[in-house]
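# Structural description and commentary
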Amino acid sequence: MSSPWIEGLRSVALFVPDLARAEAFYTQTWHLAVAHRGEGVLYLRGTGDDAYLLALHQGGDAPQVRQVTLRARSREALDTLCETAVAAGGTLLAEPHALTKDPAGGIGMKFKDPHGRVFQVVHGDARREADAPQADMPIRLTHAVLNSHAVDDTKAFFEQAMGFRLADRTGIMAFMNCNRDHHTLAIGITDNDALNHIAFLMPDFESVMRGGGRMKDAGHPIQWGPGRHGPGNNLFNYFIDPFGVVIEYTAEVEQVDDSYVSRGPEHWKWPPGRIDQWGIAPMPGPELKAAQRQVMFAPA
């Protein structure tokens, strides 16, 4: 189960209303490290080999998604994606070109889907030497969940434009696969096209739990969790950042191959009152549900 063109999720870029406040939160509380600073933009990394995971741009009165960046399997894949994105109904925003203003460099192309979600795909971007995993510090991004008012259309676009495959589908989400991780993008089935959440991979169960305690101590309570999902089998704790962006600590994401059997909503059902494997965490509250609907993509 893998895309012929997309290797994985590299980073997410956001517009935030207060860059200094964002830096304080994401370094001191969320435990990312500063990778690079630019004019009005901050790049933050984890312990893995990605040059950065978040690009935070100063701008606006409320957070917005600037783009989701994926990594291509080859330079040739970028040319293919220019064709497949347009054939699937997307709009090409930039043909492959040198990313001279990006600290990770490389070659990149950019497009938006029919509902305004902006994707950048890069190849040849710089990698750093990964640090040894550190308890309580994210390694990399593992997935981003994007809402859709037209899930079947969005699913078809991800399949046709980027070569993703459906891993599983529940009553509220379609999980899309491009590599060994069970899902890299997922589609939240709702009535808008907001960012649902961004998930950061932690080293292990202990780090997910200690991260939850650290966030709680800092005034950012767990909004949902701790728990273990059905699709993906991953551990989770969900939070809301100071601007309203939903972020997740996760670990133990299921690794899949071509033998994995995709299942539908009829399989992924829990007893009444339970929405994960453990059944310990309370149902997500109205604050989390509202936050999962408010951060939209900026117009491209």
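For the structure itself, consult the block above.
Below: a short report on this structure. Note that the structure is a prediction, hence the values are computed from the model and not measured. (Residues numbered from 1 in each chain as written. Predicted model: local features only at pLDDT ≥ 70, side-chain atom pairs only at ≥ 80, totals over all residues. Heavy atoms only, no water.)

## Quick notes on a nonpolar patch on the surface
Selection criterion: Within this analysis, patches are made of residues with over 30% relative accessible area and no salt bridge. Like charges are joined at 9 Å or less; nonpolar side chains (Val, Leu, Ile, Met, Phe, Trp, Tyr) at 5 Å or less. Only the protein chains shown count as covering a residue, and every accessible area follows the Shrake-Rupley method with a 1.4 Å probe. Think of a salt bridge as a Lys or Arg side-chain nitrogen and an Asp or Glu carboxyl oxygen that are within 4 Å of each other. Helix and strand assignments come from DSSP, with helices taken as H or I runs of at least 4 residues and strands as E runs of at least 2, each series counted from the N terminus. Whether a residue is buried, partly exposed or exposed follows from its accessible area with a 1.4 Å probe, protein chains only, as a fraction of its type maximum: under 20%, in between, or over 50%, in that order.
Taken together, the side chains of F205, M209, W278 and I280 present a nonpolar region at the surface, about 370 Å² in accessible area. Of note, M209 is situated in helix α4 (residues 205–217). Residue M209 is classed as partly exposed on the basis of its relative accessible area of 33%.

## As for helix α3 (residues 151–162)
Residue pairs three or four apart in sequence face the same way in an α-helix, which turns once every 3.6 residues. Under the convention used in this document: Each helix should span, by expectation, one fewer than its residue count multiplied by 1.5 Å. Directions from the helix axis toward the C-beta atoms define the arc.
Relative to the 16 Å expected for 12 residues at 1.5 Å per residue, α3 spans 16 Å between its end C-alpha atoms, a close match to the ideal helical length. Turning to α3, its buried residues number three or more, namely V151, T154, K155, F157, F158, A161 and M162. In a view along the axis of α3, the buried residues occupy a sector of 160 degrees, so they form one face of it. The first or second residue beyond α3 is G163, which carries a positive phi of 80 degrees.

## Notes on the layout of surface pockets
Using the following cut-off: Only protein atoms enter the 1 Å grid, on which a cavity is a set of points fitting a 1.4 Å probe that cannot get out and a pocket is an open set with protein on both sides within 12 Å along at least 5 of 7 lines, lining residues being those with an atom within 4 Å of a point. Grid points are joined across faces, edges and corners, and a volume is the space filled by probe spheres set on the points. Note that Gly is not counted as nonpolar here; it falls among the polar residues with everything else outside the nonpolar set of Ala, Val, Leu, Ile, Met, Phe, Trp, Tyr, Cys and Pro and the charged set of Asp, Glu, Lys and Arg.
In this structure, the largest pocket encloses a volume near 780 Å³. Tallied by class, the residues present in the lining of the largest pocket amount to 13 nonpolar, 13 polar and five charged. Approximately 340 Å³ is the volume attributed to the second largest pocket. If you go around the second largest pocket, you meet 16 residues; those closest to its centre are R66, L99, K101, D102 and Q120.

## Observations regarding the side chain of D113
The line we're drawing: Here a polar contact is recorded for every N or O atom pair within 3.5 Å, except that within protein the pair must consist of a potential hydrogen donor and a potential acceptor, and residues adjacent in sequence are included only if both atoms are side-chain atoms. In what follows, residue pairs with any heavy atoms lying within 4.5 Å of each other are defined as contacts.
Tracing the chain through its elements places D113 in the loop between β7 (107–112) and β8 (118–123). At 2.8 Å, the side chain of D113 and the backbone nitrogen of H115 are in polar contact. At 2.5 Å, the side chain of D113 and the side chain of R117 are in polar contact. If sequence neighbours within four positions are ignored, D113 has contacts with G90, F119, F157 and F158.

## Describing the pattern of salt bridges
For side chains bearing opposite charge, pairing can occur when the charged atoms are close. Applying the stated criterion to the full structure yields 19 salt bridges. A salt bridge links R37 to E23; the nearest nitrogen and oxygen atoms lie 2.7 Å apart. Residue R37 is located in strand β2 (residues 33–38), and its partner E23 is located in helix α1 (residues 19–29); the two are separated by 14 residues in the primary sequence. Where R169 meets D152, a salt bridge forms, and the shortest distance between an N and an O atom there is 2.9 Å. Note that R169 is positioned in strand β10 (residues 165–169) and D152 in helix α3, a separation of 17 residues in sequence.

## Considering the sheet that holds strand β1 (residues 6–16)
The condition that has to hold: Only strands joined by at least two bridges in the DSSP assignment are considered to pair. Fitting a line to C-alpha atoms yields each axis, with helices limited to the stretch in contact; the angle taken between N-to-C directions then spans 0 to 180 degrees.
Spatially, β2-β3-β4-β1-β5-β8-β7-β6 is the arrangement adopted by the eight strands of the open sheet, whose pairing is mixed. Only two strands of the sheet have a single neighbouring strand rather than two, namely β2 and β6 (91–98). Strand-to-strand twist across the sheet, computed as the mean angle between neighbouring axes with direction ignored, equals 20 degrees. Sitting on the sheet, α3 is in contact with β1, β5 (64–72), β7 and β8, with an inclination near 150 degrees to β7.

Remember that the coordinates give geometry; whether it matters functionally is a separate question.
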